[in-house]
Amino acid sequence: MDRYLFWIDRVSAFSGKAVAWAIVALTGVVCYDVGMRYFVNQPTQWAFDWSYILYGTLFMVAGAYTLSRDGHVRGDLWYRALQPRTQAGIDLALYVLFFLPGITALIYAGIEFTKTSWAIREVSSVTASGTPIYPFKLMIPIAGALLLLQGFAEMARCILCLRTGEWPRRLHDVEEADIEQIRALVEGEKKS
Amino acid sequence: MTPGRTDALVSAIKRINFLDVRTIGVILLALVILLNVMLLPPPAQITNQHLGMVMLGLIVIAILLGFPIAFTLMGLGMLFGFFAFHRPGMGLTDNPVFDQMVLRTFGVMTADVIISVPLFIFMGYIVERSNIIDRLFHAMQLAMGGTPGSLAVATIATCAVFAAATGIIGAVVTLMGLLVLQPMLKAGYDTRLATGSIAAGGCLGILIPPSVMLILYGATAGVSVVQLYAAAMMPGLMLAMMYIGYVMARATLRPEQAPRLPLEQRNVPTWQVIKLLVTSVLPLALLILAVLGSILAGVATPTEAAALGAMGACVLALSYRRLSWLRFKESVFLTARTTSMVCWLLVGSWLFSSTFAVLGGQHIIESWVLSFDLSPVQFLILSQIIIFLLGWPLEWTVIIVIFVPIFLPLLTHFGVDPIFFGILVALNLQTAFLSPPVAMAAFYLKGVAPPHVRLGQIFLGIIPFVMLIIVAMVLIYIFPQIVLWLPSVLYS
């Protein structure tokens, strides 16, 4: 079972880390645009379109990656004090009640939305650059589908936890821990 | 405070913890459900507006249950929207809620104000991961060698500069905790003073521009981020000065709590201090000045300034030889996670609030609040108290995207400037990190502190700084010029 769950974690991590690089492109595009405007006095039209395309793709597609690392903010004051079994029960119930309808609706609506846009090969209406934005709209159903997949993995983990009484391992327990990293970073500097 | 009384307070805090959060949670849940049931009329008279209130009650319950809030908002917005929009004879898939959903989502994806958020976050992570703060603190500490409480003062000053380079907290507290807590304790500083100044200083980032919180507030309230930044400058500096003043006063009155550094650590030749300041503080200060200056002067949009800032941070970290490929990669991935968390929360809340608006829930709240016939002052105090209380169990992102929008329509009625209100909220939300039981800053600090530092001590150390924040809010209320002066000079 763990093998399949890790596989889903990897799909999410791969997609998330792939789009994460959009931040570098975004920095580059905006800086290029600023340079062209202030130094050469030739503002670029496409830069603005690309800036929101990069930003939107970044956060939408990284949603599943964030979920796989439990990075979506929770109000966990009470939750944290609960037994793992109770946590899993609550999570599972709310995944079914809120997550599934919400994300399924988003995928459905996103597909309809993209279809319309794709049919007319829609270009940006914000600037006159003619940047195509129909592939950008496709990111909505893609991000939704990735989230749904990760959501199924999370629900499976809830069920496993209900059975065994403890949370199954996640991929990042094996990979990295944030505080430890910062600690290593500071201590490494001290030594050198 | 005598040692006996302090111990009594610490053990009191321990007992509260012992009272079991679970019991408190159950009581809270029961209260919310009870309130909801009590306020509802008999089923036959239930209108859409009441459904809106049920929705608000449910979101509070779901938040208490600890489910990821973005998806709670989405689910509730979608389900209630489905009922609100449903008309007899309408096909299941023709429901306009689906259009609403995708339009709101696309709205967040194309919101040009928010593009600067990932860029500022990226800049912050680069500065954090490359550990520039280490040099900064070292230089500040030497420069302040002679002042009373020099280590704590240097801590707060470093935090203020760092806050101006990042805009997200958490990491600041963790880093500073690792970096300066041990040296301070070794130098004989009082544990409470040391932890309090780290925690409070680390939270300055929420107020001092380029705060991500202010961008989100601007996007939610529909006010200019640039003006918010201009408005936040003076209060941010004022609060940092108040912290420093407090620490210095305490160190002067109770020298045993903050002993002076031994002479050999203080007597560094002046030219060496200046050299350190020039190489470590000056470049970062220039970068910050360029970023903030170009935004405030209207030369660059926040997005452009943020991109240049991120680029500048990379160059700076590279030139210090602190930016390895691994650190760079970590910054990129962490940026994606944080951005995604913030923006999915926005996706959820925009859908939630549009359903809430369609149901007319806002009207109930408005007429309810207006029925008290409050004066503007009473309204301001009441709303800030509510936000202060919400800050105990909730994180600031949640408060900004769910609860602040409820107050916003009321502002016009009471004639409160939304920019002024935003600055008060930003000040107020710092306490959300600092006040128990969900004092994130305290927990981050506890996570990296040596084991003999107890959570109770950290909480006690934080209390005076929370008081200072409240004093700052009162000051700003009495002298609104502190907030409004800079925007009026720049943009009148």
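Note that the structure is predicted; figures quoted are calculated from it, not measured.

Colleague: Sorry, what's going on with the pattern of salt bridges here?
Modeller: Taken as a whole, this structure holds 14 salt bridges over all chains when the rule is applied. For the salt bridge of aspartate 9 of chain A with arginine 157 of chain A, the shortest nitrogen-to-oxygen distance reads 2.8 Å. Separated by 148 residues along the polypeptide, aspartate 9 of chain A in helix H1 (residues 2–20) and arginine 157 of chain A in helix H5 (residues 134–164) bring together distant segments of the chain. By relative accessible area, which is 1% here, arginine 157 of chain A ends up buried. Among the salt bridges present, the one from arginine 250 of chain B reaches aspartate 190 of chain B, with a minimum N-O distance of 3.3 Å. Taken together, the residues span a long stretch of sequence, with arginine 250 of chain B in helix H12 (residues 225–253) and aspartate 190 of chain B in the loop between helix H9 (171–186) and helix H10 (191–202) at a distance of 60 residues.

Colleague: Is there a simple way to explain a nonpolar patch on the surface in this structure?
Modeller: Residues and elements named next belong to chain B. On the surface, a nonpolar cluster with roughly 870 Å² of combined accessible area is contributed by Val377, Ile381, Ile385, Leu389, Trp392, Ile470, Val474, Tyr477, Ile478 and Phe479. Breaking the nonpolar patch down by element, the ones donating at least two residues are helix H18 (376–390) and helix H22 (455–478). Note on placement: valine 377 falls in helix H18. Residue valine 377 is classed as partly exposed on the basis of its relative accessible area of 34%.

Colleague: Mind showing me how you'd approach helix H23 (residues 481–491) of chain B here?
Modeller: Every α-helix carries 3.6 residues per turn, so stepping three or four residues along brings you back to the same face. Residue and element names in this part refer to chain B. Every buried residue of H23 is accounted for by Ile482, Val483, Leu486 and Pro487. Buried residues in H23, looked at end-on, bunch into an arc of 130°, giving them a common side. Among the exposed residues of H23, those pointing more than 90 degrees away from its buried face are Gln481 and Val489.

Colleague: Is there a simple way to think about unusual backbone geometry in this case?
Modeller: In most cases, non-glycine residues show a negative phi, while peptide bonds are predominantly trans. For the peptide bond that leads from proline 209 of chain B to proline 210 of chain B, omega is 0°, which places it in the cis range. Tracing the chain through its elements places proline 210 of chain B in the loop between H10 and helix H11 (212–221). Within the chain, arginine 121 of chain A stands out as a residue other than glycine whose phi angle is a positive 50°. Here arginine 121 of chain A lies in the loop between helix H4 (84–119) and H5.

Colleague: Can you help me understand the environment of phenylalanine 48 of chain A in this one?
Modeller: Take phenylalanine 48 of chain A: it is sitting in helix H3 (residues 46–68). For phenylalanine 48 of chain A, a relative accessible area of 30% gives the class partly exposed. When neighbours within four sequence positions are excluded, phenylalanine 48 of chain A is seen to be in contact with Val126 and Thr127 of chain A together with Asp112 of chain B.

Colleague: Could you clarify how one ought to interpret the packing of helix H5 (residues 97–109) of chain B against helix H16 (residues 325–359) of chain B in this entry?
Modeller: How two helices sit against one another is set out by the angle between their axes and by the gap between those axes. Residue and element names in this part refer to chain B. Where H5 meets H16, the axes come as close as 9 Å, and the angle between the chain directions of the two elements is 140°. By the angle class used here, H5 and H16 are oblique. Crossing angle aside, the handedness with which H5 passes H16 is right-handed. Listed contacts from H16 to Gln100, Met101, Arg104, Thr105, Gly107 and Val108 of H5 are Cys343, Leu346, Val347, Trp350, Leu351 and Ser354.

Colleague: When you look at the interface of chain B and chain A in this model, what are you seeing that I'm missing?
Modeller: Note on interface size: it is often stated as the accessible area lost on association of the parts. Listed by partner, the interface residues are 81 residues for chain B and 72 residues for chain A. Viewed at the interface, chain A and chain B are joined by one salt bridge. One salt bridge connects arginine 37 of chain A with glutamate 304 of chain B, and the closest N-O pair in it is separated by 3.0 Å. A class-by-class count of the residues in the side of chain B that touches chain A yields 54 nonpolar, 15 polar and twelve charged.

Colleague: Would you mind going over the packing of aromatic side chains with me for this structure?
Modeller: What describes a pair of aromatic rings is the distance from one ring centre to the other and the angle between the planes of the rings. Taken as a whole and judged by the stated rule, the model has 26 aromatic pairs over all chains. A ring pair is formed by phenylalanine 48 of chain A and tyrosine 52 of chain A, whose centres lie 5.7 Å apart and whose planes are at 70°; its orientation type is edge-to-face. Highlighted residues: phenylalanine 48 of chain A and tyrosine 52 of chain A, both in helix H3, separated by four residues, approximately one helical turn. When the ring of tyrosine 95 of chain A is compared with that of phenylalanine 67 of chain B, the centres are 4.9 Å apart and the planes differ by 85°; the resulting orientation is edge-to-face.

Colleague: Would you explain the confidence of the model for chain B in this entry?
Modeller: Note that predicted coordinates carrying low pLDDT should not be read in detail. All names here are of chain B. For chain B, the average pLDDT comes to 84, and 90% of its residues sit at 70 or higher. Mean pLDDT per element in chain B: helix H1 (residues 3–18) is the minimum at 48, and H12 is the maximum at 93. Here residues 1–6 is modelled with pLDDT under 50, and outside its nearest four sequence neighbours on either side it reaches four contacts, counting other chains as well. Taken together, the chains of this predicted complex give a pTM of 0.88 and an interface ipTM of 0.92.

Criteria and cut-off values
- Residues numbered from 1 in each chain as written.
- Chains lettered and ligands numbered in written order.
- Predicted model: local features only at pLDDT ≥ 70, side-chain atom pairs only at ≥ 80, totals over all residues.
- Heavy atoms only, no water.
- Salt bridge = Lys/Arg side-chain N within 4 Å of Asp/Glu carboxyl O.
- Helix = DSSP H or I, 4+ residues; strand = E, 2+ residues; numbered from the N terminus.
- Buried < 20%, exposed > 50% of the residue type's maximum accessible area, 1.4 Å probe, protein only.
- Patch = residues over 30% accessible without salt bridge, like charges linked within 9 Å, V, L, I, M, F, W, Y side chains within 5 Å.
- Areas by Shrake-Rupley, 256 points an atom, 1.4 Å probe, with all protein chains shown as cover.
- Arc of directions from axis to C-beta.
- Contact = heavy atoms within 4.5 Å.
- Axes fitted to C-alpha atoms, helices over the stretch in contact; angles between N-to-C directions.
- Parallel < 35°, antiparallel > 145°, perpendicular 65-115°, else oblique.
- Left-handed = near helix turned anticlockwise from the far one by under 90°.
- Nonpolar A, V, L, I, M, F, W, Y, C, P; charged D, E, K, R; others polar.
- Phe/Tyr/Trp six-rings, centres within 6.5 Å; stacked < 30°, edge-to-face > 60°.
- pLDDT = per-residue confidence, 0-100.

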